[in-house]
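Residue strings, one per chain:
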Amino acid sequence: MTSSSLSRRGLLTAAGAAGAAGLLGSAAAGTAHAAPAAANGSGGRGSASLVIHNARVFTGVSGRAPVEAVAVGRDGKILATGSGSALRRLIGRDTEVVNARGNTVMSGIHDGHVHPLGAGDRSLRPSLEGAETTLAELQEILRGFLADTGGAGAEPDGWLVVEDWNPVGLLPIGTAPHHSMLDALPTRRPIALVGGDGHNLWANRRALDIAGITAATPDPAGGKIVKGADGQPTGVLKDDAQELVRRHIPAPTQEQLVAACAKVLEQAAAAGITTMMDALVGRHELELYRALSAAGKLPQRIVPALRLEVEQTKDPAGSLAYAQGLRREFSGVQGLRLGMIKVFLDGVIEYPAQTAALLEPYLDGTTGKPTDNRGELYTSAAEYGRLTAAFNRAGWQMHAHGLGDRAVRTALDGYAYARRATGLRDPRNAIAHLQIVDPADLRRFAELNVAACMQLQWAAKDTWTMEALLPYIGPKRHRWMYPARSLERAGARLSGGSDWPVDALQVWNQLRTAIDRQGAHGQGELYRELEGLGRSSVLRMHTLGTAWQLRQDALTGTVEQGKAADLVLLDRDVTRCPVADISETKVELTLVDGRAVHDVHSATGRAAAARLARAAGGPAAGTAAGPRPASYAAVHRDRHHACGH
């Protein structure tokens, strides 16, 4: 872990310089929750390295009222919590002191399902954010991208690759993309617009020539080269045909990736994230983490989830040997803790993909009649159970991608088998996303001690939950969209994740949406009365709940004496402000092991906060946040052909 120095020109002041007397005088008297320590006023072992006072400290401990101050010891652990007057005795001459001005101090956010290195990689390329534009508007945007990515210095061979192109976004509706539209731009550079749906790529003539694509080029297996009435390629490549162009796009260097990933990790710290479970990791990602750690650019605790291919799920012994080998090889990387396995059980539920596995078929969307499509289930319950048993016996945890109710049941059946086979009662396996859960399966989460890892920023009425879904599953199943409160009532342990960069990193809007089921960008509430969570539940879900999922609840997740000082100071009191105001929360200070990894008043912190605002949209960026992609292809592009599942 690395840290920037605490900025004395910003939030922090040294007690010796400011004078300890009266610093905490406005706090009410009370008792500190702390190990015995003598106040010495000298910066010795009995004093704190940092005291935050005049705060509303959300401890995350059930039944414990908020306290006013927290002291951080010189070992990076929480030395005490309590009233300001009680903690005054822990201030020494060199103790840093922060006045929270009545705002919230709480555990740092634990992101239980995220792809930070994917965010770093994508940040190297400009994005259209799924925009709908006229051709003239699109060409104007692309001219700006050409200038931003090297201008004349990149001519004639520097590729312009643009993410999140909307394949149906040319206006007026029905306008078909053609390479001639890109050829009209003032450049000789090859251009590729990558569809946000993962199914489409639009290339200019130069890119087609580099790829050798002509009228005579046959469609590859699993793909299609779109051709016009004249038999010539239009520039649009579908599914596996995209690889014909992709293979010619230069990959970024390791140095470029490390620099880009370091910046997005700073953004995550600016959002208040102190622990992340990277949900899609192989050797390449582990090597990147090793390089980041060696460069002192790894501010969070990282739990990598090693991804297994479908074929590997059928070979538990071989898969375990593969995972154990990677753990041995990368075990010395500071900041990483390996012990998690990721398996895709199904795809995505929205039209037109409809690859999430459902118990009952999708509907045709017009008449409401069932089709013959129940989605795709990539692994059977028996196979997943045997795989889980092998890994759980060896001390590993499982993390299943399960969106549809059939995939969720498959995961639960697999976990039940593993419990019978191993006798283990607390392996802390998880299922992520849980877009549709059959009510008969709700109680099984608690029975099997399975973490319900949910991305509740999606639990709002919008295009993806309504137009792209309701007609295709019907109201009876639709009611069980993201059933957070039902799972909580059934005793399930809830954990939270962002799935960034599948969606923008909007941590505090994510928490707000879990409460009001609308958020800052929703078009209405999505079953708030049935499935909205209480504020304290949401705060615990994204701290202690995820810490429990990751087996580090003894270390982090609550603000208690003896735990690691992974803390955030916010710019408001999220425990009492209007729910809608939670979306706009800014993080003033983020600590990991008591060290500042984000201070908004430092130059680095201001820059990271500005990048976060631009990437997430909103008032600071001057734009509205874009909708989430129609599929997970932005991150999972290489699964299930181009679809990415």
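Residues numbered from 1 in each chain as written. Predicted model: local features only at pLDDT ≥ 70, side-chain atom pairs only at ≥ 80, totals over all residues. Heavy atoms only, no water.

1. A few points about the overall build of the chain
A count of helical and extended segments in the chain gives 21 helices and 26 strands. Counting the 645 residues in the chain, one finds 58% classified as buried. Looking at the chain alone, contacts between residues at least 24 apart form 74% of all its contacts between residues at least 6 apart. With an accessible surface of roughly 23,900 Å², the chain has 52% of that area assigned to carbon and sulfur atoms. (Helix = DSSP H or I, 4+ residues; strand = E, 2+ residues; numbered from the N terminus. Buried < 20%, exposed > 50% of the residue type's maximum accessible area, 1.4 Å probe, protein only. Contact = heavy atoms within 4.5 Å. Areas by Shrake-Rupley, 256 points an atom, 1.4 Å probe, with all protein chains shown as cover.)

2. Overview of the packing of helix H17 (residues 507-516) against helix H19 (residues 535-549)
Axis separation between H17 and H19 bottoms out at 9 Å; the angle between their running directions is 140°. Classified by the angle between their axes, H17 and H19 sit oblique to one another. Considering how the two elements wind past one another, H17 and H19 form a crossing that is right-handed. On H19, the residues that touch Gln510, Leu511, Ala514 and Ile515 of H17 are Arg535, Val538, Leu539 and His542. (Axes fitted to C-alpha atoms, helices over the stretch in contact; angles between N-to-C directions. Parallel < 35°, antiparallel > 145°, perpendicular 65-115°, else oblique. Left-handed = near helix turned anticlockwise from the far one by under 90°.)

3. Examining the packing of aromatic side chains
Within the structure shown, the criterion is met by four aromatic pairs. Look at tryptophan 165 and tryptophan 202: their rings are 5.4 Å apart centre to centre, the planes differ by 45°, and that puts the pair in the tilted class. Taken as a pair, tryptophan 165 in strand E11 (residues 160-165) and tryptophan 202 in strand E14 (residues 200-203) lie far apart in primary sequence, 37 residues in all. An identical accessibility class is assigned to tryptophan 165 and tryptophan 202; each is buried. An angle of 75° between the planes, with centres 5.9 Å apart, marks the rings of phenylalanine 391 and tryptophan 396 as edge-to-face. The same class applies to phenylalanine 391 and to tryptophan 396, which are both buried. Here the basic side chain of lysine 342 rests over the ring of phenylalanine 344, its NZ or CZ set 4.4 Å away from the ring centre. The aromatic ring of tryptophan 480 is capped on one face by arginine 479, whose charged end is 3.7 Å from the ring centroid. (Phe/Tyr/Trp six-rings, centres within 6.5 Å; stacked < 30°, edge-to-face > 60°. Lys NZ or Arg CZ within 6 Å of the ring centre and 35° of its normal.)

4. Structural notes on helix H8 (residues 254-270)
For H8, spanning 17 residues, the distance from its first C-alpha to its last is 24 Å, which sits close to the expected 24 Å at 1.5 Å a residue. When we look at burial in H8, the residues that qualify are Leu257, Val258, Ala260, Cys261, Ala262, Val264, Leu265, Gln267, Ala268, Ala269 and Ala270. Looking one or two residues past H8, glycine 272 carries a phi angle of roughly 95°, positive in sign. (Expected span 1.5 Å × (residues − 1).)

5. A look at the sheet that holds strand E25 (residues 587-592)
In spatial order, the strands read E4-E8-E24-E25-E26; together these five strands make up an open sheet with mixed pairing. Either end of the sheet is taken by a strand with one partner, and the two such strands are strand E4 (56-58) and strand E26 (595-599). Ignoring which end each strand starts from, the neighbouring axes of this sheet average 20° apart. Pairing of strand E24 (residues 567-570) with E25 involves four bridges; the strand directions are antiparallel. By the bridge assignment for E25, leucine 567 is matched with leucine 591. (Pairing = 2+ DSSP bridges.)

6. Observations regarding the pattern of salt bridges
Tallied over the entire structure, the rule returns 32 salt bridges. Among the salt bridges present, the one from arginine 56 reaches aspartate 573, with a minimum N-O distance of 3.5 Å. With arginine 56 in strand E4 and aspartate 573 in the loop between E24 and E25, the pair connects residues that are 517 residues apart, well separated along the chain. Its salt-bridge partner being glutamate 287, residue arginine 283 comes within 4.0 Å of it at the nearest N-O pair. Here glutamate 287 and arginine 283 lie together in helix H9 (residues 283-294), a separation of four residues that amounts to about one turn. Note on arginine 283: relative accessible area 37%, which makes it partly exposed. You can call glutamate 287 partly exposed: its relative accessible area is 29%. Through salt bridges with shared partners, a single network forms among Arg409, Asp413, Asp438, Asp441 and Arg444. (Salt bridge = Lys/Arg side-chain N within 4 Å of Asp/Glu carboxyl O.)

7. As for the pairing of strand E16 (residues 233-239)
Where a strand is regular, its side chains alternate between the two sheet faces. Burial runs high along E16: five of the seven residues are buried. With three bridges joining them, E14 and E16 adopt antiparallel strand pairing. Among the inter-strand pairings, asparagine 200 is bridged to a residue of E16, identified as lysine 238. Relative to E16, strand E15 (residues 223-227) runs antiparallel, the two sharing four bridges.

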